[in-house]
Amino acid sequence: MLDLHCSHQTLCDSLALSKKMATKTSSLMERSITTVINTFHQHSRKEGNDDTLSKKEFKEMVKTDLATFLKKEKRNERLINDIFEDLDTNQDNQLSFEECMMLMAKLVFACHEKLHENNPRGHDHSHGKGCGK
Ligand SMILES: [Zn+2]
């Protein structure tokens with residue numbers, strides 16, 4: 001079991017150690033969380049600090065891995081810059097894992113809202129076709 005109070009690095013190490021087991025036994029939700037972490041690392045490792053996203057790395061992540069959810073932002077450099085500056089709460093011009101996860105939380109909420117468009121929440125909790133469009 002993961003120690004939820006451990007640092008990001010320790011969390012990543014324990015995920016790496018249990019990778020073989022994880023791919024075989026993890027639930028879809030657990031695998032989705034692992035995918036978010038792995039995708040962050042794919043980009044954060046490219047330049048500078050291995051565990052933070054530079055503006056360039058963040059732009060690449062938005063363009064390649066959030067292309068559908070952030071369709072409008074993808075084509076607009078200024079919007080991506082605004083999002084980056086919003087997320088960079090300590091203003092060091094890098095996004096830590098924690099800072100970047102604020103975007104993931106916003107996307108999860110926005111996606112759920114989108115799913116409920118034309119499907120008001122009621123007794124029959126139903127979701128629409130998808131989100132991101
Ligand atoms: Zn719902």
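Everything below is about the structure shown above.
Residues numbered from 1 in each chain as written. Predicted model: local features only at pLDDT ≥ 70, side-chain atom pairs only at ≥ 80, totals over all residues. Heavy atoms only, no water.

A. Broad picture of the environment of Leu79. Counting through the fold element by element, Leu79 comes out in helix α6 (residues 77–87). Dropping the residues within four chain positions of it, Leu79 is found in contact with Lys72 and Glu73. (Helix = DSSP H or I, 4+ residues; strand = E, 2+ residues; numbered from the N terminus. Contact = heavy atoms within 4.5 Å.)

B. Main features of the packing of aromatic side chains. Considering all chains together, one arrives at two aromatic pairs under this definition. An angle of 80 degrees between the planes, with centres 5.1 Å apart, marks the rings of Phe40 and Phe97 as edge-to-face. Pair noted here: Phe40 is in helix α3 (residues 28–44) and Phe97 is in helix α7 (residues 97–116), with a separation of 57 residues, a long-range link. Judged by its relative accessible area of 11%, Phe97 is buried. (Phe/Tyr/Trp six-rings, centres within 6.5 Å; stacked < 30°, edge-to-face > 60°. Buried < 20%, exposed > 50% of the residue type's maximum accessible area, 1.4 Å probe, protein only.)

C. Up close: the environment of Lys46. Its location among the elements puts Lys46 in the loop between α3 and α4 (55–65). Between the C-alpha atom of Lys46 and that of Lys56, which follows or precedes it by 10 residues, the distance is 9.6 Å. The residues contacting Lys46, other than those within four sequence positions of it, are Glu57 and Glu60.

D. Geometry of the pattern of salt bridges. In this structure the tally under the stated criterion is six salt bridges. Across the pair Lys114 and Glu117 runs a salt bridge, and its minimum N-O distance is 3.8 Å. A relative accessible area of 33% means that Lys114 is categorised as partly exposed. The exposure class of Glu117 is partly exposed, given its relative accessible area of 44%. (Salt bridge = Lys/Arg side-chain N within 4 Å of Asp/Glu carboxyl O.)

E. Spatial organisation of the state of the cysteines. Taken as a whole, this structure holds one disulfide when the rule is applied. The disulfide partner of Cys111 is Cys131, and the gap between their sulfur atoms is 1.8 Å. Here Cys111 and Cys131 share a disulfide; its torsion about the S-S bond, -45 degrees, makes the bridge left-handed. Taken as a pair, Cys111 in helix α7 and Cys131 in the segment after α7 lie far apart in primary sequence, 20 residues in all. (Disulfide = S-S within 2.5 Å.)

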